[in-house]
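In case you want the letters, here they are:
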Amino acid sequence: MYKVDLSSDPKEVAAIEARRNREKDRQSRFFNVRNRVMGVDVEALNNQVEERKLQEATERNKEAGYGTKKVQYDLIVQMLEKEEAKRARRVAKKIHDFRQQKQEFKNRCEVELQDSARFQGIPVQFQGFPAQFQEFPACLSDNGPFCGPASMQCFLGEDLDRASFLRMQQQQLRYNLERQLQKEQQVRAEEKYADMLSHKLHLAMDMQAAQMARLEESCRVAMMSARANVNKAQAAKLAEQQHHERQCQQEANLMDIEKQITSNLLTENPQVAQHPMAPHRVLPCCWKGMTPQQRADIRKAQEAQCHEKEAQRQAEQALDNKWASQTVCLAQAALELEEQERELCAEFQRGLGSFNQQLAKDQKAQQNYLNSVIYTNQPTAQYYLQFNTSSR
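Residues numbered from 1 in each chain as written. Predicted model: local features only at pLDDT ≥ 70, side-chain atom pairs only at ≥ 80, totals over all residues. Heavy atoms only, no water.

Novice: Hey, could you run me through the overall build of the protein in this one?
Specialist: Along the backbone of the protein there are six helices and zero strands. Along the protein, helices (α) and strands (β) appear in the sequence α-α-α-α-α-α when read from the amino end. A separation threshold of at least 6 residues defines the contact pool for the protein, and within that pool the share at least 24 residues apart is 27%. Of the roughly 36400 Å² of accessible surface on the protein, a fraction of 56% belongs to carbon and sulfur atoms. (Helix = DSSP H or I, 4+ residues; strand = E, 2+ residues; numbered from the N terminus. Contact = heavy atoms within 4.5 Å. Areas by Shrake-Rupley, 256 points an atom, 1.4 Å probe, with all protein chains shown as cover.)

Below you can see the structure in the form of structure tokens.
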């Protein structure tokens, strides 16, 4: 077979090169000891921070640009509004000037300018016009002497019967005024009548209030008198009750004094304090204190307790002395045991040192044997490069 040199596919070559680049990036991340141990990609975090700052700066610049454009647009709108107002004023002024110059009364269509010499009489409704306009009166109807076949002069909206309309308007105005006067008179009469009724109502209310005040005063006087009578009766009853209570209190005090004098409470008889049902017990309310015999018995018991306490204290002291001597003996024995333990530890350390020296000599001989006999071929750098070549 003949060897054929075929060109490789560009897509495949690009894919292989992309995989190689990704593998290199992966190895640079995995073989970086610091990032692998800490688990943090500091460079990526810094890139994210820079991107965030750049985005915020872009947004701030955009907002500032929007604000500047807004101010510019406001100024443009104000200028356009002022220009529009000026233009409107100019148009209004031009219209006014045109009306003043081009639309005079003598140039209007209702004024006949061709044959003004034929007008002899001036109607009544045009007598108030200025002298320069009285020679050009308007026609009142289509049947005038100056109108031709196609010269219609009366149009919808013109008032030809102004005099009759004015008379009717005056009559209607007079009628309305009379109606208004009648209504005003009726309203005044109703107001007078309402004022009269209100005055009568106020008088009635004042009279009723005065009557109620008199009744209230009489009721108040009656209540005050009744209250005074009741208070007097209660005061008398209270005085009688207090007198009766004082009398009862005095009788009770006298009976108590008599009982105290005649009873055994103030006597010194000790038999009074004995309980009637239990002779070994006493009555606290009648007990007058201990007898001399009882005091002597108590003193004897206290002396016996003191002797017993002293004997107990001496026994405890002897026991403490015995425990102290025993503690001293134990401390001496412990010191002897510690001395023996130190001697044994020293002897063991001496034996261990000699054993370690012998073991070191043996290990050194073994290492020399390995270095001089066994491990004669040293590995090169190429040997170590075959490890950790892939991140998978």
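Here the narrative resumes, following the displayed structure.
Novice: How should a nonpolar patch on the surface be read in this particular structure?
Specialist: Together, Val282, Trp287, Met290 and Ile298 make up an exposed nonpolar region whose accessible area comes to about 350 Å². Its place among the elements puts Met290 in the loop between helix H4 (162-262) and helix H5 (292-374). (Patch = residues over 30% accessible without salt bridge, like charges linked within 9 Å, V, L, I, M, F, W, Y side chains within 5 Å. Salt bridge = Lys/Arg side-chain N within 4 Å of Asp/Glu carboxyl O.)

Novice: Even after reading the chapter, I still don't get the pattern of salt bridges, so can you show me in this structure?
Specialist: Taken as a whole and judged by the stated rule, the model has eight salt bridges. Here Glu184 and Arg188 are joined by a salt bridge, their closest N and O atoms 3.6 Å apart. A residue pair is termed a helical-turn pair when its members lie 3 or 4 positions apart in one helix, as Glu184 and Arg188 do in helix H4 at four residues. Glu184 gets classed as partly exposed once you look at its relative accessible area, which sits at 39%. Since its relative accessible area comes to 46%, Arg188 is described here as partly exposed. (Buried < 20%, exposed > 50% of the residue type's maximum accessible area, 1.4 Å probe, protein only.)

Novice: Just to check I follow, could you spell out a positive patch on the surface for this structure?
Specialist: Among the surface-exposed residues, Arg19, Arg20, Arg22 and Lys24 lie close enough to one another that they form a single positively charged patch. Among the structural elements, Lys24 can be located in helix H1 (residues 10-30). (Lys, Arg positive; Asp, Glu negative; His and termini not counted. Charge placed at Lys NZ, Arg CZ, Asp CG, Glu CD.)

Novice: Would you explain the confidence of the model for the protein in this entry?
Specialist: For residues with low pLDDT, the predicted coordinates do not support detailed interpretation. This prediction gives the protein a mean pLDDT of 80; 79% of its residues lie at or above 70. Between the elements of the protein, mean pLDDT differs from a low of 61, seen in helix H2 (residues 33-38), to a high of 91, seen in H5. Counted against residues more than four places away or in other chains, residues 111-137, with its pLDDT under 50, gives 28 contacts. (pLDDT = per-residue confidence, 0-100.)

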